[in-house]
Amino acid sequence: MRSDRIMQSKIYRLFDYVLRLVLLNVLIVVPSFSLFIIYSAINKSGNNHLTFLLLIPMLLWLFPSIVATTDVIRQYENKETNTIFKDFFKSIKKLYLKSFIISIFVYLGIGLFWNSLSFFLNNATKGSLYIICFIITASFAMAFVLVLSQIPLVICYFKKMGILQILKLSFIFAFKNIGINLIIAFCILGFGFIPIYIMVKLSFKQYIRIYRKVEENEN
């Protein structure tokens, strides 16, 4: 009886949730960056250009694992599951190909915006035109982050959608509740993939209504 009370207490549930989030983040970070971190620690010179080949696991795993983590948290919030590893790998298996294809566009977008912002910022002292171009590029980059923050959610809630439909719906959702989405975007910029829980939590009401309507129509 006493143990049941402890397990139902708010403190226990809080620590249980935190543990789940930590384990899910480990499933993202370790496969993505472990080889790169280990090799960088061993190779102190840092002159080996082949080091970047060790980022291949990141390209193959990072975005799909973020999508899978989002899906597990979504299921947990919707009281569809109470496990971690089993559902994580089920989500990876089901959503990997779609997530990986979309991740190619994501990485290309990040690379293009990063190079453009760096170029205009480095040349800002050469004239006002570079400053204007930097501001315009930064605005588009922020819009890109808003859309990017919605992609894992759309993939998880609407698993039967094609890639183009996912990208279109992500764009629509990105500017639907702009206040909440800006908070999510700033969390992503500030903390990377760690605030996935915040992303799912803040957008839960927005997505769950449409998700349940879709389920009802399919049934």
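Only a predicted model underlies this, so the values are computations on that prediction, with no experimental measurement involved.

(A) Highlighting the pattern of salt bridges. According to the stated counting rule, one finds three salt bridges in the structure shown. Notably, a salt bridge pairs R74 with D71, separated by 3.1 Å at the nearest N-O pair. Of the two residues, R74 and D71 are both situated in helix 3 (residues 56-77); the distance of three residues between them amounts to about one turn of the helix. Taken as a pair, R74 and D71 share a single burial class, namely buried. Across the pair E80 and R74 runs a salt bridge, and its minimum N-O distance is 3.3 Å. Classification of E80 as partly exposed rests on a relative accessible area of 38%. A residue is classified by how much of its surface remains accessible, and R74, at 3% relative accessible area, is buried. Taken together, the shared-partner salt bridges connect D71, R74, E80 and K159 into one network.

(B) Broad picture of the nonpolar core. By size, the foremost hydrophobic cluster in this structure holds 38 residues, and its most contacted members are F63, F88, I151, I155 and Y157. Going through the elements one at a time, helix 2 (10-42), helix 3, helix 4 (85-122), helix 5 (128-157), helix 6 (163-174) and helix 8 (196-218) are the ones with two or more residues in this core. Here this core gets nine residues from one element, more than from any other, and that element is helix 3. For Y157, the contacting residues outside a window of four places in its chain are R74, F204, Y207, I208 and Y211.

(C) Fine view of a nonpolar patch on the surface. A cluster of nonpolar side chains, namely L14, V18, V22, V26, V29 and V30, defines an oily patch on the protein surface of about 450 Å² accessible area. Within the secondary structure, V26 sits in helix 2. For V26, a relative accessible area of 39% gives the class partly exposed.

(D) Structural view of unusual backbone geometry. Located in the positive-phi region is K79, a residue other than glycine, with phi close to 60°. Relative to the helices and strands, K79 resides in the loop between helix 3 and helix 4.

(E) Inspection of a positive patch on the surface at higher detail. Together, K176, K205, R209 and K213 give the surface a local cluster of positive charge. Positionally, K213 belongs in helix 8.

(F) Broad picture of the packing of aromatic side chains. Using the criterion set out here, one finds 11 aromatic pairs in the structure. Judged by centre distance (6.1 Å) and plane angle (55°), the rings of W61 and F88 are tilted. Placement of the pair is W61 in helix 3 and F88 in helix 4, with a sequence separation of 27 residues. In this structure W61 comes out as buried when scored by relative accessible area, which is 17%. A ring pair is formed by Y96 and F100, whose centres lie 5.9 Å apart and whose planes are at 5°; its orientation type is stacked. In this pair, Y96 and F100 both sit in helix 4, four residues apart, roughly one turn of the helix. These aromatic residues form a ring-pair network of at least three members: Y157, F158, F173 and Y207. Lying across the ring of Y157, R74 places its NZ or CZ 5.5 Å from the centre.

Criteria and thresholds
Each chain carries its own residue numbering, running from 1 in the written order of its sequence. It should be noted that, the model being predicted, local features are given only for residues of pLDDT at least 70 and side-chain atom pairs only at 80 or more, the latter also being counted only at that level, while totals for whole chains, interfaces and linings use all residues. Each side-chain value is derived from all of the structure's non-hydrogen atoms; neither hydrogens nor water enter the calculation. We define a salt bridge as a contact between a side-chain nitrogen of Lys or Arg and a carboxyl oxygen of Asp or Glu at a distance within 4 Å. Secondary structure elements are defined from DSSP: runs of H or I of at least 4 residues count as helices, runs of E of at least 2 residues count as strands, and each element is numbered from the N terminus. To sort residues, take the accessible area from a 1.4 Å probe on protein chains only and compare it with the maximum for the residue type: under 20% means buried, over 50% means exposed, and anything in between is partly exposed. The set of buried Ala, Val, Leu, Ile, Met, Phe, Trp, Tyr and Cys residues whose side-chain atoms join them within 4.5 Å is what this entry labels a nonpolar core. The contact criterion used is simple: two residues touch if any of their non-hydrogen atoms lie within 4.5 Å. Patch membership is restricted to residues that have no salt bridge and whose relative accessible area is over 30%. Joining uses 9 Å for like charges and 5 Å for the nonpolar side chains Val, Leu, Ile, Met, Phe, Trp and Tyr. The Shrake-Rupley method, run with a 1.4 Å probe, gives the accessible areas here. Residue values count only the displayed protein chains as cover. Here the positive residues are Lys and Arg and the negative ones are Asp and Glu; neither His nor the chain ends is included. In plain terms, the charge of a residue is placed at NZ if it is Lys, CZ if Arg, CG if Asp and CD if Glu. Stacked, tilted and edge-to-face are the three classes assigned to paired rings of Phe, Tyr and Trp, where Trp is represented by its six-membered ring and a pair needs centres within 6.5 Å; plane angles under 30 degrees give stacked, over 60 edge-to-face, the rest tilted. When the NZ atom of lysine or the CZ atom of arginine is within 6 Å of a ring's centre and also within 35 degrees of its normal, the charge is said to sit over that ring.

Interpretation note: all reported values are geometric properties and have no functional meaning in isolation.
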